[in-house]
Amino acid sequence: MKRPIACILAAALLAVSTFAQAQAWPAKPIRYIVPFAPGGTTDILGRMVAAGLAPTLGQPVVIENKPGQAGSVGSAELARAAPDGYTIGGGTISSHAINVSLYPSLPYDPLKDFAPITMLATLPNMLIVHPSLGVNDVKELIALLKANPNKYSFGSAGNGTSQHISGELFKIMTGTQMQHIPYKGSGPMIPDLIAGTIQLSFENITTAYPQAKGGKLKALAVTSAQRSFVAPDVPAMAEAGLPGYDITSWQAMFAPAGTPKEIVSRLHAETAKILRSPDNQKKLADLGLEAGGMAPQELAALIGAEIPRLGKVVRESGAKVD
């Protein structure tokens, strides 16, 4: 009987210790890992959250950019961090869903190695084409691609990004063939698209739509299930002839698995307030982002559904890491 009693006492002491740790948190600065380079959407959101959390928690929240492999490098570091609430970070549809199928030896498990905190924001991509293609809608583009297999190419911000997978899903659903040209971000890709070096892209709506409004490129559709408030005049892909097409990029926030639930709950509540503030709502809308705030369990369920759905696209398309 002594052994079970000892085990029960040990478990009770551990629970008390964990609760005390959560009650005292935070007692020192918190680091926020951004698994992408500075200046992108993940970085912008991370800095917005960090700036909002610091005064509320009474401790600095320090951004650390750890880019590489579509978010895998920084996400792996976050997964390995101590689950004490002093390391949190961003994650995306790439790092926590697409990469599972695209990278053969991903150094973390998106479902087991993280404690989801909340969704930060969502946004669609936009199918944009060079005007020289002479197409005015998705059906005309499909006809052109079918008549010229592999003659045209689509650019993306890199392997494993939502732009890449948006193009692969388009190829699967339309039976078309075109070359994928991965770039090191949207920055160098857009000038090549405007110059006609590549002919189309499924680019982030924040970057794509200004070029379409300026007449340099032509917007044919958005990749979400419904039209975007940013570009209400541009049809969703389903309206344009591809029912069931839906790739919505998302940005979320995580802690390492095992982080005390009290800390995760506090981070969720405080971050949701930050996202709801009028100033941040306007900033997000100006970027074409729809604010998140979903509960940790909802985010976990979303990721659990996204991994097999997007994995199917990766497998059927034969997409590889170049």
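Quick caveat, the model's predicted, so the values are computed rather than measured. (Residues numbered from 1 in each chain as written. Predicted model: local features only at pLDDT ≥ 70, side-chain atom pairs only at ≥ 80, totals over all residues. Heavy atoms only, no water.)

Chemist: Is there a simple way to think about the overall build of the protein in this case?
Modeler: Each helix and strand in the protein was counted, giving 11 helices and 10 strands. Scaling as 2.2 N^0.38, a compact globule of 322 residues should have a C-alpha radius of gyration of about 20 Å, and the protein matches this with 21 Å. Sorting the 322 residues of the protein into buried and exposed places 51% on the buried side. Long-range pairs, those at least 24 residues apart, make up 78% of the contacts in the protein between residues at least 6 apart in sequence. Of the roughly 14000 Å² that the protein leaves accessible, carbon and sulfur atoms contribute 57%. (Helix = DSSP H or I, 4+ residues; strand = E, 2+ residues; numbered from the N terminus. Rg over C-alpha atoms; globule rule 2.2 N^0.38 Å. Buried < 20%, exposed > 50% of the residue type's maximum accessible area, 1.4 Å probe, protein only. Contact = heavy atoms within 4.5 Å. Areas by Shrake-Rupley, 256 points an atom, 1.4 Å probe, with all protein chains shown as cover.)

Chemist: Where do I start with the pairing of strand β9 (residues 248–256) in this structure?
Modeler: Among the nine residues of β9, eight are classified as buried, and the element is accordingly described as predominantly covered. Across nine bridges, strand β4 (residues 114–129) lies against β9 in antiparallel orientation. Its bridge partner being in β9, Thr118 is matched across the sheet by Met253. (Pairing = 2+ DSSP bridges.)

Chemist: Hey, could you run me through the environment of Ala238 in this one?
Modeler: One can find Ala238 in the loop between β8 (218–222) and β9. As a C-alpha pair, Ala238 and Ser94 span 144 residues in sequence and 23 Å in three-dimensional space.

Chemist: Teacher, can you tell me more about helix α11 (residues 296–317) here?
Modeler: For an α-helix, the turn length of 3.6 residues means that residues three or four places apart are oriented alike. Given a rise of 1.5 Å per residue, 22 residues ought to cover 32 Å, and the 31 Å separating the end C-alpha atoms of α11 matches this to within 8%. Restricting attention to buried positions, one finds in α11 the residues Pro296, Leu299, Ile303, Glu306, Ile307, Leu310, Gly311, Val313 and Val314. Looking at the packing, one finds that the buried side of α11 touches α4 (93–102), β4, α6 (162–174), β9 and α9 (261–276). Looking one or two residues past α11, Gly318 carries a phi angle of roughly 75 degrees, positive in sign. (Expected span 1.5 Å × (residues − 1).)

Chemist: Where do I start with the pairing of β4 in this structure?
Modeler: In summary, the side chains of a regular strand alternate between the two faces of the sheet. The buried fraction of β4 amounts to 15 of the 16 residues, a majority that puts the element mostly inside the structure. Bridge count for β4 against strand β10 (residues 290–291) is two bridges, and the pairing is antiparallel. Residue pairing in the sheet places Ala121 in a bridge with Ala291 of β10. Note: β4 against strand β7 (residues 200–204), five bridges, orientation antiparallel. Across the sheet, the residue bridging to Ile128 is Ser201, located in β7. Bridge count for β4 against β8 is four bridges, and the pairing is antiparallel. Looking at the pairing, Val129 lines up with Lys218 of β8.

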